[in-house]
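Spelled out, the chains give:
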Amino acid sequence: MKLTILGTGNAMVTKCYNTCFAIENDGHYFLVDGGGGNTIMKQLKNVDIDWREITDVFVTHKHIDHIMGIVWIMRLFGQNIAEKGLERELNIYGHEEVIHILHSMAELLLQKKHCAAIGKQIHMIKVKDGEEKDILKHKVTFFDIQSTKAKQFGFTMYYGKDKLTCCGDEPYNEVEKEYVQDSTYLLHEAFCLYEDREKFHPYEKHHSTVKDACILAEKLNVKNLILYHTEDKNITNRKELYTKEGKEFYSGNLYVPDDLEAFNL
């Protein structure tokens, strides 16, 4: 399998795209969040991902830097199903609030004929805490991160003896321990460097620093840590600076990807 990071930035970035990524297996894709707009289509094109091969989508929560790009994915599928006879099935997963919002936005913003595929070829699937689904031929377990800001889910994908865990865009919560512990790959937000915490105020925004994420990964025996959902004020040196700080606290493989960077899982 391959993991492609489509966006690495927080909600207000302008020098990179908002946080979202895609997992590929046997030519099919699992898209996680969509960023804040139609740049999702550009990002997919830039890495040669055919949107028609996206079979599954998961939206972590309702914030616009995660959910709005999915409206464009729904339009792509709905329009091509209605006007070109596209024969594809798309599963969109999310907790109850997310699915309600996506339904509402589609009805309000998309043409009626482009919404006709919803419930037929576009399947809107509500998931509950601890619920399991088969995605890309692997078991995926969704879990509630118990956010105090906006209801948000993460997930763990199990493949062979390994597992990949996504904690969404908020700091680790102890309720996630069974999923995060011993992860082969952990995707975790790191809003800024610890030394820049007074500048960016991550804790006030329900976010963490590079140091925080790395201490966590070390404690929970994570083999590979991917940091994203960052600020972009010093993006030219982000990889170098974040890696330097993180390596002081984490002995595993630390990655600070740029947009469009890919990993073989």
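Presented here is a report on the structure given in the accompanying data block. (Residues numbered from 1 in each chain as written. Predicted model: local features only at pLDDT ≥ 70, side-chain atom pairs only at ≥ 80, totals over all residues. Heavy atoms only, no water.)

Let us now look at the overall build of the chain. Secondary structure assignment for the chain yields 8 helices and 14 strands. Taken against the 2.2 N^0.38 rule, which gives 18 Å for 265 residues, the C-alpha radius of gyration of the chain at 18 Å falls within 12% of a compact globule. Seen along its three principal axes, the alpha-carbon backbone of the chain occupies a region of about 55 × 40 × 35 Å. Per-residue burial for the chain yields a buried fraction of 55% across its 265 residues. Nonlocal contacts in the chain, meaning residues at least 24 apart in sequence, comprise 61% of its contacts between residues at least 6 apart. Entry remark: accessible area of the chain is about 11,800 Å², with carbon and sulfur atoms responsible for 48%. (Helix = DSSP H or I, 4+ residues; strand = E, 2+ residues; numbered from the N terminus. Rg over C-alpha atoms; globule rule 2.2 N^0.38 Å. Buried < 20%, exposed > 50% of the residue type's maximum accessible area, 1.4 Å probe, protein only. Contact = heavy atoms within 4.5 Å. Areas by Shrake-Rupley, 256 points an atom, 1.4 Å probe, with all protein chains shown as cover.)

Tracing the sequence through the fold places glycine 27 in the loop between strand 2 (20-25) and strand 3 (28-32). Looking at glycine 27, the relative accessible area reads 32%, which means it is partly exposed. C-alpha of glycine 27 to C-alpha of aspartate 50: the two residues are 23 residues apart in sequence and 9.3 Å apart in space.

Attention shifts here to the pairing of strand 7 (residues 132-135). Note that strand 7 and strand 8 (residues 138-144) share 4 bridges and pair antiparallel. Note that in strand 8 the partner of aspartate 134 across the bridge is lysine 139. Connecting strand 7 to the next strand, strand 8, in antiparallel fashion are 2 residues, including leucine 136 with a positive phi near 55°. (Pairing = 2+ DSSP bridges.)

With respect to the helices, strands and loops of the structure, threonine 8 is situated in the loop between strand 1 (2-7) and strand 2. What makes threonine 8 buried here is its relative accessible area of 0%. Expressed as a C-alpha distance, the spacing of threonine 8 and glutamate 174, which sit 166 residues apart in the sequence, is 24 Å. Apart from residues no more than four positions distant in its own chain, threonine 8 is found in contact with Cys16, Tyr17, Asn18, Thr19, Tyr228, His229, Thr230, Arg238, Pro257, Asp258 and Asp259.

The buried count for strand 5 (residues 90-94) comes to 4 of 5 residues, which makes it a mostly enclosed element. When strand 4 (residues 54-58) meets strand 5, the two strands line up parallel, connected through 3 bridges. For aspartate 56, the partnering residue across the bridge sits in strand 5 and is asparagine 91. As a crossover connection, the stretch from strand 4 through helix 2 (residues 64-84) into strand 5 is right-handed. Across 5 bridges, the pairing between strand 5 and strand 6 (residues 122-126) is parallel. Within strand 6, the residue paired with glycine 94 across the bridge is lysine 126. (Right-handed = clockwise from strand over helix to strand, strands pointing away.)

If you look at the biggest cluster of nonpolar residues, it comprises 35 residues, and the most contacted ones within it are Leu31, Ile54, Ile73, Met74, Phe77 and Leu102. Among the elements of the structure, strand 2, strand 3, helix 1 (39-46), strand 4, helix 2, strand 5, helix 3 (96-109) and strand 6 are those that each provide at least two residues to this core. No other element matches helix 2, which puts 8 residues into this core. Residue contacts for leucine 31: discarding those within four places in its chain leaves Leu6, Phe21, Ala22, Ile40, Ile54, Asp56, Val57, Phe58, Ile70 and Ile73. Formed by 25 residues, the second largest nonpolar core is a distinct cluster that contains Leu3, Phe21, Phe30 and Ile226. (Core = buried A, V, L, I, M, F, W, Y, C linked by side-chain atoms within 4.5 Å.)

Positive phi values are uncommon outside glycine, yet leucine 136 reaches one of about 55°. Summarising the element assignment, leucine 136 is placed in the loop between strand 7 and strand 8.

A few words now on helix 8 (residues 238-246). For helix 8, the complete set of buried residues consists of Arg238, Tyr242, Glu245 and Gly246. For helix 8, the angular spread of the buried residues around the axis is 100°, confining them to a single face. When the buried face of helix 8 is taken as reference, the exposed residues oriented beyond 90 degrees from it are Glu240 and Lys244. Where helix 8 is buried, its residues contact helix 7 (210-219) and strand 13 (253-255). (Arc of directions from axis to C-beta.)

Quick look at the packing of helix 1 against helix 2 now. It is at 8 Å that the axes of helix 1 and helix 2 come closest, and there the two elements cross at 75°. Here helix 2 runs roughly perpendicular to helix 1, going by the angle between their axes. Packed against helix 1, whose contacting residues are Ile40, Met41 and Leu44, the element helix 2 presents Gly69, Trp72, Ile73 and Leu76 at the interface. Here the contact of helix 1 with helix 2 is built from residues that sort into 6 nonpolar, 1 polar and no charged. (Axes fitted to C-alpha atoms, helices over the stretch in contact; angles between N-to-C directions. Parallel < 35°, antiparallel > 145°, perpendicular 65-115°, else oblique. Nonpolar A, V, L, I, M, F, W, Y, C, P; charged D, E, K, R; others polar.)

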